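Now for the letters of each chain:
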Amino acid sequence: MQYKIREIKVNREQEEITLAENDAIRIYKTWKADRNEDVEECLESIIKVDLPNHKHKALKMLKDGIKVDGEMYVSFATTPGLMKKSGEGYSCEYFFIKESDKEFIDIFYDVISLGKLKEKYNTELCINKDIISRVGLAFSTGERVNIKCKKAILPEMTYTYISNYLQFAENEDGKIDLDNLKLEKHPNKEVEHIAMDGSGFMMPVIADKIEKKLNLKYKLSWVGIRELGVASKGLLVKFDFKKYLKEEHGLNKLIVKDFWGDDVDLFEVDVIINNSQVKWSKWFKNRDEIEELKKLEKYKPYSKLLDGFTITKINKEHPTKYTEANYQILSNLNLTPKELDELSKETEDIYERVINGNIDVIRIMLGDVARENEEHVLSASTKLHKLLQLDENMKNLQYSYKTIGNIVNKKVNNLAGGGLYLKGNYKVVIKDAFSYIDSLIEQKYNDKGQLIGTICQRGLKDNTNYVPGESGKRVLARSPLNSATELIKTELVNHELYNKYFDQLSSDICFYPFNDFMMRQSGEDEDTDISFVIDEEIIYNSVIEDIDKDGNRWYFRNQFDGAKPDIRLFNDDNMYKAILRTRGNLIGKLSNYGAKISNKIQELPCYDNVKKCYCDYRELEDKQNFINHEKIDDEIIKNHIYNKFQNYKLYSYYTLYLQMVAIDSPKTCVMVGKHDLEPLRNISLGKKPQYIYYAKYKKEDKLITFNDVSWTNSLLNNYSSRIISLYGYKARSINEKEYNNIHLFKVLTKKNDAEIKDELLQELSNLNNEYNHRRESLDIHKDISEIKVLLSRVTSKSIEEALKAKLNELNDIKNTEYTKIDIDISDKYKILIKDKYDYLEILKALSIIKTTKGNRISTRFIMEFCFEELIKHLLKLNNGLGTIYTQDENGGIRYLYENYKKVDAEISEVDLTEKEGYKKKEKLGQLIKCRVGKLSHKDLTDQAILENKKIYNSKRELLGELFKKVDVENGVYDVKYDYITDKCNEYKLAKSMSVYVEL
């Protein structure tokens, strides 16, 4: 279920946002129900507030609260994810709750910790890690599964692994030496690692129960979980460990010590987890205390929330075989231009076929693919999408070309930014199950009380991984990724024992050996962290490995990972200060630093005919006398890039180190300071690489201008130039292709014997002429033409960028004026045409007007105002059926390495024109959208009465209560209602609705 809450911006503007159900809301609903109060879909009492950048103002809000619409709200909670949110004028998002519900805060903290948080008040601990991060788990979106199961909560298991490591030199204080930043070699260094860091196992019977509770139509392999009371989180993987112990070891009983030192028989439990998953286990005496606390009278209303799990993630039935890459992966490989072009070939082929008008590829790109385990019922998000589902010949309309052109243009820009498709997918990760279980048979402990793990003979060998149903060479890539050696070469093995116990699992899981792979992937955890497992030979052969002249491999190790966190007295004042101290998002800035460094590493070589050597373009003695990289052998290019990596790896690793600190700062309270960025000051100078512009092209909150980037002779910059040069113009020019609207007008009269009145012809013709005249006579067209003329003559890059910015501004104004005209004509069309005539009459009249001398009916006019009439006619002609695509090995339609065939499907009916109209009017301020809850389901009338925060129909019967106060005076208004959702299409069943108030 989803809830509507308000987000309060820094300027006090309000925005309605959606909050998916989580444990915090479930506890709140239970608390309210215990007081005989209902919780509506529109949550008035909880708001999300953007905290201002000004530290003292933000602190005052957290301490004193905030007044919204005359109601006082007090600070409630935040999460590490919300702490990283930032924008213009604000940093950190924070939940507040109505002051009248203030007592719920204590109830909430009590329930989620079984009373332990109160005990920890005024004690010293890491506030960010022990409190804020753990409290934030209650806000994780997920479905509640109320099942009882016996769990063994074991101590953490550690193991050691020896390899050659590069570490930063330390100063006398044991900190990184910023005055003399350098890497030191530590050959054959033994390093301790955590086994199952955030992961555990569940018996198949538990997986089956969860599967049934979730109403899944496929088998469950793994789940991501949250658990109240003890702050549990992490990954549970289906594994019949009892069968394994019995059949492989001949055991029917295995006693181990749990986290508190008590005996537990693994044959008597259903789930094995460890204290790296149960974050507050250290606050309890034993497992029995946890269970006894749950039985207390005060927790009885919450009993269903304290047993079982909240499921935050599950495996897919059929994981995708191809995945869109990103520039972080491509920019950290030793690729040549030829190799990158080869990897890009299939993706380019798709966009080339779309540009050339291949209808099957166009429709699959739009999303017309049957979903697993669902009946073939088609829905459409756009008018073009729906039109092509019913009649593919409509692709040649002028309207279709313009829409497709805009879509392809975005995709081509994304491709230029590294968004090509690679074979492989993202998988959750977990360490070797057999080495873990075997290490429990003869338990050994270190001086910290942790279990000691060893690589067993039955387990995965070093430098191998296991994925159900897959084998062969692979590359492991984590996201975010900032340095070349985070990419790891491995081999997926066909393992007899793994096949026996895990072969039936889905292929979106990857088992790791007891080695240092996860540490090398910037400290990857197993609590549903994911790796992109890439099956591309070119990628595999392009992974950069740091090998010295003696053939020894060296790996970077951040020896400060897991450093001692900040310890302070836990109270409200210190908690607020800790939140404000570590809020904000430095990761994006560091990512840009990483992109600049990797761009320098991938600088392609030129041969300097003067110096007689290979060098970067900017180092040429004479830029008119050199051999460019196109004529240089791949081997030389690869050697050049590898040498550049050696030159810049110090800064690459340092950026990686800072990024790891920044990612963990909301948990550790250890921040990246200005002094920490000093070593990167010179290396990070200059603009971002050119390809970044395309990677961020028209992405929300990530808009950068071409002025922010610059071209250098690097691999991805040249690739982006090639893609834009080859396909950019073609994509943009789709909407200028020679179109053919004849088919549309033939369809209008097909099996249409309607008799037409002269009055209809006249009114429709007048409305069409008015529409065309008003659009064409806008004064702004002249200004736009003048800017385009100037752009065609300009030579200065800075002036060109200024003109482009002005052109964008003018186009925005033009589009706003177009929208106003659309709304006005739409309203007239409804009154003069739609409400007075049958749909067949309207369609035939359009055809007659089209053939009358002096008239001009555009496809845009028909699609904008007469679309629902056209669709109704097409549905009748097609007997309510359209077509959809399904994967089929023998299918004749190829798309991204897969074969498809076309099958019939029913078409769902949604009035897209009406919904578009609401959005346009709202954007222009001609109506206000109100969310209404506590519905009475009384009759809906065309006019409604707004009084304070309540809405009545014209009979003065209460319809419901407004979710938030709107800037509209009390009075009578014309209104429209929208209560239809994916799960509800009947007013009587709706729990809330949108009401559009016309101003």
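Conventions and cut-offs
Residues numbered from 1 in each chain as written. Predicted model: local features only at pLDDT ≥ 70, side-chain atom pairs only at ≥ 80, totals over all residues. Heavy atoms only, no water. Helix = DSSP H or I, 4+ residues; strand = E, 2+ residues; numbered from the N terminus. Rg over C-alpha atoms; globule rule 2.2 N^0.38 Å. Contact = heavy atoms within 4.5 Å. Areas by Shrake-Rupley, 256 points an atom, 1.4 Å probe, with all protein chains shown as cover. Lys, Arg positive; Asp, Glu negative; His and termini not counted. Charge placed at Lys NZ, Arg CZ, Asp CG, Glu CD. Phe/Tyr/Trp six-rings, centres within 6.5 Å; stacked < 30°, edge-to-face > 60°. Lys NZ or Arg CZ within 6 Å of the ring centre and 35° of its normal. Pairing = 2+ DSSP bridges. Axes fitted to C-alpha atoms, helices over the stretch in contact; angles between N-to-C directions. Parallel < 35°, antiparallel > 145°, perpendicular 65-115°, else oblique. Left-handed = near helix turned anticlockwise from the far one by under 90°. Nonpolar A, V, L, I, M, F, W, Y, C, P; charged D, E, K, R; others polar. Salt bridge = Lys/Arg side-chain N within 4 Å of Asp/Glu carboxyl O. Core = buried A, V, L, I, M, F, W, Y, C linked by side-chain atoms within 4.5 Å. Buried < 20%, exposed > 50% of the residue type's maximum accessible area, 1.4 Å probe, protein only. Polar contact = N/O pair within 3.5 Å; in protein donor to acceptor, adjacent residues only side chain to side chain.

Draft legend 1. Up close: the overall build of the chain. Each helix and strand counted, the chain has 33 helices and 45 strands in total. Here the C-alpha radius of gyration of the chain, 32 Å, is about what a compact globule of 999 residues would show, namely 30 Å. Summarising its shape, the C-alpha atoms of the chain cover approximately 95 × 85 × 60 Å along the three principal directions. Across the chain, the fraction of contacts at a sequence separation of at least 24, relative to all contacts at a separation of at least 6, is 77%. For the chain, the accessible area works out to roughly 46,200 Å², and carbon and sulfur atoms hold 45% of it. Each charge class in the chain was averaged separately, 159 positive and 163 negative side chains, and the resulting centres sit 2 Å apart.

Draft legend 2. The arrangement of the environment of Ile 47 in detail. Within the element layout of this structure, Ile 47 appears in strand E3 (residues 42-52). Between the C-alpha atoms of Ile 47 and Tyr 73, which are 26 residues apart in sequence, the distance is 8.2 Å. Setting aside anything within four residues of it in sequence, one finds Ile 47 in contact with Arg 6, Ile 8, Ile 66, Val 68, Tyr 73, Tyr 94, Phe 95 and Phe 96.

Draft legend 3. Up close: the packing of aromatic side chains. With the rule as written, the count across this model stands at 51 aromatic pairs. Ring pairing ties together the aromatic residues Phe 201, Phe 239, Phe 241, Tyr 244, Phe 434, Tyr 436, Tyr 466, Tyr 498, Tyr 501, Phe 502 and Phe 511, which thus form one cluster. In this arrangement the basic side chain of Lys 489 is found over the ring face of Tyr 540, its NZ or CZ atom lying 4.6 Å from the centre. Geometry around Tyr 617 places Lys 623 over its ring, the cationic atom sitting 5.4 Å from the centre.

Draft legend 4. Up close: the pairing of strand E30 (residues 553-556). Pairing between strand E11 (residues 157-168) and E30: two bridges, direction parallel. What sits directly across from Tyr 165, in E30, is Tyr 555. Relative to E30, strand E29 (residues 546-547) runs antiparallel, the two being bridged by two bridges. The residue of E30 that forms the bridge with Asp 546 is Trp 554. The hairpin formed by E29 and E30 contains five residues between the paired strands, and Gly 551 there has a positive phi angle of roughly 85 degrees.

Draft legend 5. Looking closely at the packing of helix H8 (residues 241-249) against helix H16 (residues 433-441). As a packed pair, H8 and H16 sit with axes 12 Å apart at the nearest point and diverge in direction by 70 degrees. Here H8 is positioned roughly perpendicular relative to H16, judged by the angle of their axes. For the pair H8 and H16, the crossing hand works out as right-handed. Here Phe 241, Tyr 244, Leu 245 and His 249 of H8 come into contact with H16, specifically with Phe 434, Ile 437, Asp 438 and Ile 441. Of the residues contributing to the contact of H8 with H16, the split by class is six nonpolar, one polar and one charged.

Draft legend 6. A look at the sheet that holds strand E33 (residues 613-615). Taken in spatial order, the three strands make up an open sheet running E33-E32-E34, and their pairing is antiparallel. On the outer flanks of this sheet lie E33 and strand E34 (626-627), each paired with one strand and no other. The pairing of strand E32 (residues 606-608) with E34 spans two bridges and is antiparallel. Bridge pairing in E34 places Asp 608 opposite Phe 626.

Draft legend 7. Focus on the pattern of salt bridges. Applying the stated criterion across every chain, the model contains 77 salt bridges. Connected through shared salt-bridge partners, Lys 32, Arg 35, Glu 37, Asp 101 and Glu 103 make up one network.

Draft legend 8. Seen up close, the nonpolar core. Ranked by internal contacts, the top residues of the largest apolar core, which has 140 residues, are Leu 846 and Leu 870. Looking at this core, the element that brings in the most residues is helix H22 (residues 634-668), giving 13 residues. Discounting residues that sit within four places of it in the chain, Leu 870 has contacts with Leu 387, Leu 744, Val 747, Leu 748, Leu 843, Ile 862 and Met 863. The next biggest cluster of nonpolar side chains, apart from the first, holds 88 residues, and it includes Val 49, Val 74, Phe 104 and Ile 206.

Draft legend 9. Inspection of the side chain of Ser 483 at higher detail. Topologically, Ser 483 is positioned in the loop between strand E25 (472-478) and strand E26 (488-492). Accessibility expressed as a relative area gives 0% for Ser 483, which makes it buried. Within the structure, the side chain of Ser 483 is placed 2.9 Å from the side chain of Ser 652, a separation counted as a polar contact. Excluding its chain neighbours within four sequence positions, the residues that come into contact with Ser 483 are Asn 332, Ser 652, Tyr 653 and Leu 656.

Draft legend 10. Region of the structure containing the sheet that holds strand E10 (residues 151-154). Overall, mixed pairing links the seven strands, which are arranged E9-E19-E14-E15-E13-E18-E10 in an open sheet. Only two strands of the sheet have a single partner each, and these edge strands are strand E9 (143-145) and E10. Sheet twist, expressed as the mean angle between neighbouring strand axes with direction ignored, is 35 degrees. Pairing analysis gives three bridges linking E9 to strand E19 (residues 309-314), with the strands arranged antiparallel. When the sheet's bridge partners are listed, Arg 144 is paired in E19 with Thr 310. Sheet strands touched by helix H7 (residues 204-213): E9, strand E13 (199-202), strand E14 (222-227), strand E15 (232-238), strand E18 (271-274) and E19. Its angle to E13, the strand with the most contacts, is close to 90 degrees.

Draft legend 11. Region of interest: the environment of Thr 336. Considering the arrangement of structural elements, one finds Thr 336 in the loop between helix H11 (327-330) and helix H12 (337-355). C-alpha separation for the pair Thr 336 and Lys 217, spaced 119 residues apart in sequence, amounts to 45 Å. The residues contacting Thr 336, other than those within four sequence positions of it, are Asp 634, Ile 637, Lys 638 and Leu 715. A polar atom in the side chain of Thr 336 sits 3.1 Å from the side chain of Asp 634.

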